[in-house]
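Topology and contacts: notes
Listed below are the residues making up each chain.
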Amino acid sequence: MSQFVHLHVHTQYSILDGASAIKPLIKRAKALGMPSLAITDHGNMFGVKEFHDAAVKEGVKPILGCEVYVATGSRFDKKRGREDRGHHLILLAKNLTGYHNLAKMVSYAFTEGYYYHPRVDKELLRTYHEGIICCSACLGGELPQGMAASIACLGNPLVFWGGTAALAGLAVQQARGN
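**Observations concerning the packing of helix α1 (residues 22-31) against helix α2 (residues 48-58)**
The interhelical angle for the contact between α1 and α2, taken along N-to-C directions, is 35 degrees, at an axis separation of 9 Å. Here α1 runs over α2; the crossing is right-handed. Note on element contacts: α2 touches α1 through Glu50, Phe51, Ala54, Ala55 and Glu58, opposite Ile22, Lys23, Ile26, Lys27 and Lys30. Classifying every residue of the contact of α1 with α2 gives 5 nonpolar, no polar and 5 charged.

**Concerning unusual backbone geometry**
Here the phi dihedral of Tyr116 falls at roughly 70 degrees; this positive angle occurs in a residue that is not glycine. Tracing the backbone through its elements, the reader meets Tyr116 in the loop between α3 (96-111) and β4 (119-120). Note on Tyr116: relative accessible area 39%, which makes it partly exposed.

**Considerations on the confidence of the model for the protein chain**
Averaged over every residue, the pLDDT of the protein chain is 83; residues scoring 70 or more account for 75%. The least confident element of the protein chain, judged by mean pLDDT, is helix α7 (residues 165-176) at 46; the most confident is α3 at 98. Across residues 163-169, confidence stays below pLDDT 50; counting only partners more than four residues off in sequence or on other chains, it has 9 contacts.

**As for the side chain of His10**
Inspection of the secondary structure puts His10 in the segment before α1. Overall, the relative accessible area of 15% leaves His10 in the buried class. Of the polar contacts made by the side chain of His10, one reaches the side chain of Ser14; its length is 3.2 Å. Within the structure, His10 has its side chain in polar contact with the side chain of His42 (distance 3.4 Å). Sequence-distant contacts of His10, that is, excluding residues within four places in its chain, are made with Asp17, Gly18, Ser20, Thr40, Asp41, His42 and Glu67.

**Overview of the pattern of salt bridges**
Under the counting rule described, the total for this entry stands at 6 salt bridges. Among the salt bridges present, the one from Glu58 reaches Lys27, with a minimum N-O distance of 3.2 Å. Residue Glu58 is located in helix α2, and its partner Lys27 is located in helix α1; the two are separated by 31 residues in the primary sequence. By relative accessible area, which is 19% here, Glu58 ends up buried.

Cut-offs and rules
- Residues numbered from 1 in each chain as written.
- Predicted model: local features only at pLDDT ≥ 70, side-chain atom pairs only at ≥ 80, totals over all residues.
- Heavy atoms only, no water.
- Axes fitted to C-alpha atoms, helices over the stretch in contact; angles between N-to-C directions.
- Helix = DSSP H or I, 4+ residues; strand = E, 2+ residues; numbered from the N terminus.
- Left-handed = near helix turned anticlockwise from the far one by under 90°.
- Contact = heavy atoms within 4.5 Å.
- Nonpolar A, V, L, I, M, F, W, Y, C, P; charged D, E, K, R; others polar.
- Buried < 20%, exposed > 50% of the residue type's maximum accessible area, 1.4 Å probe, protein only.
- pLDDT = per-residue confidence, 0-100.
- Polar contact = N/O pair within 3.5 Å; in protein donor to acceptor, adjacent residues only side chain to side chain.
- Salt bridge = Lys/Arg side-chain N within 4 Å of Asp/Glu carboxyl O.

Listed below in structure tokens is the structure:
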């Protein structure tokens, strides 16, 4: 059995980015011997229930997540222009508390942070970090963008993420690739 697990997967619920229908995706993961599979659609969790039910039915452990957009400032700031679409960040629920916290963040992203995309901010990440595993996402993430721009403070992820204890764990996980 393969020990490989995809932790960054977009389904048809990632508009204009994902093309995978959930049931065939789960069946393919099972056929390849994957013990688990994550769902990380862009900015939403619309497919989570369908994904969970299909995965459980096929004997594949579902990992529930979302690729959120993180505003460069406050999620309430909507004056920066279209270029502030937010950096990408993968959040995975480690347990039920993490799932509830992820659902809260994504809901707030729509109700309070929507500006071209549903956006969270570092305040939400600080408040609802419990039970969440954070990954750096794609090249649209803050850490990869900073690395590409050769930002000097990347040597210390605590400085890069503002030095707060709640974000420190997330930042260190990002920096180390865990």
